[in-house]
Amino acid sequence: MVSSQRKPVLRAVLAVGIGSAVVVGLTTPTSAAAENVLRADRAVARSCFASALPARTPGVDRREVTSTVDGLIQARLAAKDKTAGDWDVAVFDKTTGKLVAASAALGSRELAESFVVKGQQLVVQGCRYAGDARSAVLGVDFLAITPQGTPTPGVAAKTAPEQAELVRVATADQQDKNKLLGLGLDVTEKADATGVDVVLAGADDRKVLQDSGFRFEVLNPDLSATSRDNARKDVEFAERTKVTGLPSGRTTYRHLWEYDFEMKELARKNPGLVQAFTLPHPTVEGVDVVGVEIAANVANKADGKPVNLLMATHHAREWPSAEHAMEWVYELVDGYAHDTEIRDLVKRTRNIVVPVVNADGFSISREAEPKGDFSRFDYEMKRKNCQASDSPEQYRTGVCKANPAGAQRGTDPNRNYAGFWGGAGATTSWSGETFRGAAPFSEPETRNIRELVSARQVTNLLTLHTYSGLVLRVPGVFGTRPPLDEPANKALGDLMASRNGYTSQPSWALYDTSGTTEDWSYWATGGYGYTMEIGLDGFHPPYETGVVAEYLGQAPAPGAGKGGNRAAFLDMLRNAATPAAHSTLTGTAPRGYELALHKSFQTPTSPVRQPDGSTAPPIYVQDTLDSKLTATGGKFSWAVNPSTRPYVAGRYGREPQAPPQQSIQLANPAGVPAENTRFPVDQTAERIPFTIKGMPEVDNGKVAVTVDWGTTATDWDLYIVDASGQTVTSSASGGTNTETAVLYDPPAGEYTAVLVNFHQADPSVVDDWGRGRAQFESPVPPTYGPKESYTLTCKDRRGKIVGLADVYVDRGQTVDVGAVCTDSARETKARKK
Ligand code: 0X9
Ligand code: ZN
């Protein structure tokens, strides 16, 4: 989704009185400090959140507290000293025994946070899961929240709920889409040649769209009702379903603590195969982000195998994406034990999965009660992270689950990567849904992924989002031109799409986005990168459809009978295991010697758009890639990405094989058809046939069909239809006196230009179209840039550098660097073409 240049639409400064944090004296206020230290003599690997355990249960310590507020409880844990340990925490309602909040990260830095009411009696339970820390420090805060928009039970909202609806806006071309993006609305990814689905959060949004002159129809008049409905369906589904066909058998959306706990349990139960890890940067709210690695001999990260990275939930509300990532973890772990193909693939690769990149945002969205009205205080539909440092002073206060800016606070993690950062399809406004952040990589979430990708040879990256049924590849910005890898990128995207039934296309084809994940990772490292938009029906549709059906390829998912996302993820893994898809270095090195590949370079962002519409020069962002291989003695083989960045390698194109076709005049038939605002339902129009020729006579890289008329108050729409009756391109904007429909690489054949008289400014004076023409251009030839190298070093077992070489390697190539550790002279393995 995109909204650019959105002005903050905060109506008034609402008094979200976040009562100053009260550290609660626990059972005995006088001895609070001592009481706040939880102790357990031994560690017990168990779920802390499954149930409130009796006092004196081994591995557990607990405190009882009573909420002093209507608002939030925050139960935080910190390790008392530096000793390694893993404590978890959970909060239960004492009366009902129901779980209120929990946290189960890998260390002892925990935050369990959720909504409570004044007087509610609670049990805070700390559990020593693993490690040597016999104690952990507990802090419990209660934060009062005034009622506006908060989901505190029992408190009536003071602001009237707004009606959120889904509409389809008619857009004819890229220009129209960019104009729509400029309105700053919540534009979804559901789009095609003729229109885009847009969420209207309320009256303000509706007015913006109405005033813009765009035509639109209402698809869903009450998104809140749909949201409540979905929540109810999920409860019913879980009640009637013991186990699903998912690898884990899961029946409901997980909470953040369940993801973390399941990852560490999988690691504990499969010690040689699975390792859980914490990413380097905690979130703005101080939460650890957890990932998992799966490989045969998982501990040996420097074994030179290709790395396949799957991640999800850059966007808070996109819950199914995290579910798909987590199920993939189970798929690999189970498959390793029971499926010969998966076992073989896992042996040849290393697999990293980060299910919840935006842990803060996800936790808020997941814990908010069903609301889904897309209003400012609708945390369930929050998209961004929790960054507040770019907000105006008065909106910088409060925790993310309750702050005066509501869900508008934060940076869009999928606009914060350096790739083309600062360009189209992102906003400079702190409250906009696509806020790009203060600088490239200003956010902990994007820095985490950047550092992971920079330290490993990630040959394949897939980042999961919802929704719209898309497999998207680079580039995200129109006019960037596809990379030389375009045919390979397209082939892999198309293959995955053949499994899940989604549409495979370059992501700019929908509309521009800049600063997205793979537009950094691919252009900087050469590892294949894709975005998948799971599902067709909302950001977190019912579990049964959005997760079970989409993952397994069952009705009503578009991948029904085709294998679903499970099969698409397997395609990606097979590609990672294919040497022809990446590059390989071979050579010999003594056992225990450490080989290192290093590359450091600068890449410009887009010219940086400014709030006033001007642009500042691009920022040059320094990237450093450093990966390692530990030699096992004798011959080694190292799966790596090509040494030349796709950003400089060149651009894909086609050499013209013949001149382009001469332009064709389209003659306007006599008369004017009746006005028609319901095309294609109403077929009233003028039709002008024309022929597009082909090889060997002409080679057309592009055709542009244009018509003009007198005044911008009149509106003609133009559709180009092929011999089979398919509309292949169109142009149907409003407010202009011209339409141009464009088609790249048009196949030779018979076509028809269909002219629809949408509106006449003055029916008594006919404003007919004229100057109809089809103009042809040659294809653009490919361009090639300079070659770049890696610096390869070899260190002996004492850490002394004993070998150094510059290595050039292309995709699909294997370069033998020889006995690199025994040659002390700098050697250049140049494979320049
Ligand atoms: O806007 C995004 O970041 C992604 N869509 S979502 O609805 N999940 O937020 C898609 C990014 C790439 N899409 C395009 N370039 N159109
Ligand atoms: Zn998304």
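How each quantity is defined
The residue count restarts for each chain, going from 1 along the sequence in the order it is written. Chain labels run from A onward and ligand labels from 1 onward, assigned in the order the entries are written. Note on the predicted model: pLDDT of at least 70 is required for a residue's local features to be given, and 80 or more for side-chain atom pairs to be given and counted; whole-chain, interface and lining totals, by contrast, use all residues. To obtain the side-chain values, all non-hydrogen atoms of the structure were used and water was disregarded. Strands are runs of DSSP state E lasting at least two residues, helices are runs of H or I lasting at least four, and both sets are numbered from the N terminus onward. Atoms counted for the radius of gyration: C-alpha only. Globule rule: 2.2 Å times the number of residues to the power 0.38. Burial status follows relative accessibility: with a 1.4 Å probe on protein chains alone, a residue under 20% of its type maximum counts as buried, one over 50% as exposed, and anything between as partly exposed. Whether two residues are in contact is decided by their heavy atoms: any pair within 4.5 Å suffices. Only four residue types enter the tally: Lys and Arg on the positive side, Asp and Glu on the negative side, with His and both chain ends excluded. Charge placement uses NZ in Lys and CZ in Arg. For Asp and Glu, CG and CD serve respectively. Think of a salt bridge as a Lys or Arg side-chain nitrogen and an Asp or Glu carboxyl oxygen that are within 4 Å of each other. Any N or O atom pair separated by 3.5 Å or less is treated as a polar contact, with the protein-specific requirement of one donor-capable and one acceptor-capable atom, and with residues adjacent in sequence counted only for side-chain atom pairs. UniProt positions are given in the numbering used here, feature names are shortened, and annotations may be inferred rather than shown by experiment. Metal sites are built from N, O and S donor atoms within 2.8 Å, or 3.2 Å for Na, K and Ca, and they leave out water, so they may look incomplete. One requirement defines pairing of two strands: DSSP has to find at least two bridges between them. Nonpolar cores are built from buried Ala, Val, Leu, Ile, Met, Phe, Trp, Tyr and Cys residues. Side-chain atoms within 4.5 Å join them into one set. Two rings from Phe, Tyr or Trp (for Trp, the six-membered ring) form a pair when their centres are within 6.5 Å of each other. A pair whose planes differ by under 30 degrees is stacked, one over 60 is edge-to-face, and the rest are tilted. Angles run from 0 to 180 degrees between N-to-C directions of axes, and those axes are lines fitted to C-alpha atoms, restricted for helices to the stretch in contact. Convention used here: angles under 35 degrees read as roughly parallel, angles over 145 as roughly antiparallel, angles from 65 to 115 as roughly perpendicular, and any remaining angle as oblique. Amino acids outside the nonpolar list (Ala, Val, Leu, Ile, Met, Phe, Trp, Tyr, Cys, Pro) and the charged list (Asp, Glu, Lys, Arg) are all regarded as polar, and Gly is one of them.

Draft legend 1. Looking closely at the overall build of the protein. Of the regular secondary structure elements, the protein holds 14 helices and 41 strands. Taken over the C-alpha trace, the protein has a radius of gyration of 29 Å; the compact-globule value for 833 residues is 28 Å, and the two agree within 12%. Dimensions along the principal axes, computed over C-alpha positions, put the protein at roughly 95 × 75 × 50 Å. For the protein, buried positions account for 59% of its 833 residues. At a minimum sequence separation of 6, the contacts of the protein that also span at least 24 residues come to 77%. Averaged over its 89 positive side-chain charges, the protein has a centre that lies 7 Å from the centre of its 98 negative ones.

Draft legend 2. Main features of the side chain of Glu550. Mapped onto the fold, Glu550 is located in helix H12 (residues 543-552). There is no salt bridge for the buried Glu550, and the closest opposite charge comes from Lys190, which lies 9.8 Å off by N-O distance. For Glu550, the side chain forms a polar contact with the side chain of Tyr502, separated by 2.5 Å. Dropping the residues within four chain positions of it, Glu550 is found in contact with His324, Tyr502, Ile534, Gly535, Leu536, Thr545, Ala557, Pro558, Gly564 and Asn565.

Draft legend 3. Representation of unusual backbone geometry. With an omega of 10°, the peptide bond between Ala555 and Pro556 qualifies as cis. Checked against the element boundaries, Pro556 lands in the loop between H12 and helix H13 (564-576). In this model, Phe679 is joined to Pro680 through a cis peptide bond whose omega is 5°. By secondary structure assignment, the location of Pro680 is in the loop between strand S29 (664-666) and strand S30 (686-692). Notably, Thr313 is not glycine yet its phi reads approximately 60°, a positive angle. Here Thr313 shows up in the loop between strand S16 (307-312) and helix H6 (319-338). Positive phi is not limited to glycine here, since Asp745 has a value of about 45°. Within the secondary structure layout, Asp745 lies in the loop between strand S34 (738-744) and strand S35 (749-759). Here Asp745 falls in the partly exposed class, since its relative accessible area comes to 45%.

Draft legend 4. Geometry of the UniProt feature "active site" (unreviewed entry) in the protein. The UniProt feature table records "active site" (unreviewed entry) at Glu533. Once residues within four sequence positions are removed from consideration, Glu533 is found in contact with Glu189, His465, Thr466, Tyr467, Ser468, Gly469, Leu470, Leu472 and Tyr502.

Draft legend 5. Highlighting the UniProt feature "domain: Peptidase M14" (unreviewed entry) in the protein. UniProt tags residues 252-564 as "domain: Peptidase M14" (unreviewed entry). The annotated region residues 252-564 carries 32% helix and 14% strand content, and the separation between its end C-alpha atoms amounts to 19 Å.

Draft legend 6. Molecular detail of the pattern of salt bridges. Scanning the entire structure with this criterion turns up 52 salt bridges. With a closest N to O distance of 2.7 Å, Asp211 and Lys207 form a salt bridge. You can see Asp211 and its partner Lys207 sitting in helix H3 (residues 203-212), four residues apart, about one turn around the helix. One salt bridge connects Arg250 with Glu258, and the closest N-O pair in it is separated by 3.2 Å. Relative accessible area serves as the criterion here: at 13%, Glu258 is assigned to the buried category.

Draft legend 7. Geometry of the coordination of the zinc ion (ligand 2). Around the zinc ion (ligand 2), the protein contributes the donor atoms His315 (ND1), Glu318 (OE), Glu318 (OE) and His465 (ND1), which lie 2.0 to 2.3 Å from the metal centre. As a motif over one chain, the donors of the zinc ion (ligand 2) read H-x2-E-x146-H. Linking Glu318 in the loop between S16 and H6 with His465 in strand S18 (residues 458-466), this pair joins segments that are 147 residues apart in sequence. Each member of the pair, Glu318 as well as His465, is classed as buried.

Draft legend 8. Molecular detail of the pairing of strand S31 (residues 702-708). The element S31 is extensively covered by neighbouring structure, given that six of its seven residues are classed as buried. Two strands pair when backbone bridges link them, and S31 and S34 are joined in this way by seven bridges, in the antiparallel orientation. Paired with Thr706 across the two strands is Thr740, which belongs to S34. One ladder, built from six bridges, connects S31 with strand S36 (residues 770-777); its direction is antiparallel. The residue of S36 that forms the bridge with Thr706 is Arg773.

Draft legend 9. Quick peek at helix H8 (residues 359-367). Of all nine residues in H8, nine are buried, a share of seventy percent or more. Taken together, the buried positions of H8 are Ala359, Asp360, Gly361, Phe362, Ser363, Ile364, Ser365, Arg366 and Glu367.

Draft legend 10. Examining the nonpolar core more closely. Counting 80 residues, the largest nonpolar core has Leu309, Trp328, Val354, Leu464 and Met532 as its most contacted members. For this core, the leading source of residues is H6, giving 10 residues. What Leu309 contacts, discounting residues up to four positions off in sequence, is Ile352, Val354, Leu452, Val453, Val458, Asn460, Leu461 and Leu462.

Draft legend 11. Here's a closer look at the packing of aromatic side chains. As enumerated under the stated definition, the model contains 20 aromatic pairs in all. Their ring planes at 80° and their centres at 5.4 Å tell us that Phe49 and Phe261 sit as a pair that is edge-to-face. With Phe49 in the loop between strand S2 (37-39) and strand S3 (60-66) and Phe261 in helix H5 (residues 256-269), this residue pair connects regions lying 212 residues apart in the sequence. Classification of Phe49 as buried rests on a relative accessible area of 13%. Between Phe690 and Tyr751, the ring centres sit 6.0 Å apart and the planes meet at 25°, which makes this aromatic pair stacked. Taken together, the positions of Phe690 in strand S30 and Tyr751 in strand S35 put the pair 61 residues apart, joining distant regions of the chain. Note on Phe690: relative accessible area 4%, which makes it buried.

Draft legend 12. The packing of H5 against H8, seen in detail. Where H5 contacts H8, the axes come no closer than 9 Å and their chain directions differ by 125°. On the basis of their axis angle, the class for H5 and H8 is oblique. Across from Leu256, Trp257 and Tyr259 in H5, the residues of H8 making contact are Ala359, Phe362, Ser363 and Glu367. Residue classes in the contact of H5 with H8 are distributed as five nonpolar, one polar and one charged.

Draft legend 13. Up close: the environment of Arg350. Secondary-structure assignment places Arg350 in strand S17 (residues 350-354). Residue classification places Arg350 among the buried positions, given a relative accessible area of 0%. For the pair Arg350 and Gln457, spaced 107 residues apart in sequence, the C-alpha separation works out to 9.9 Å. In terms of polar contacts, Arg350 uses its side chain to reach the backbone carbonyl oxygen of Asn300, at 2.9 Å. At a separation of 2.8 Å, a polar atom in the side chain of Arg350 contacts the side chain of Asp303.

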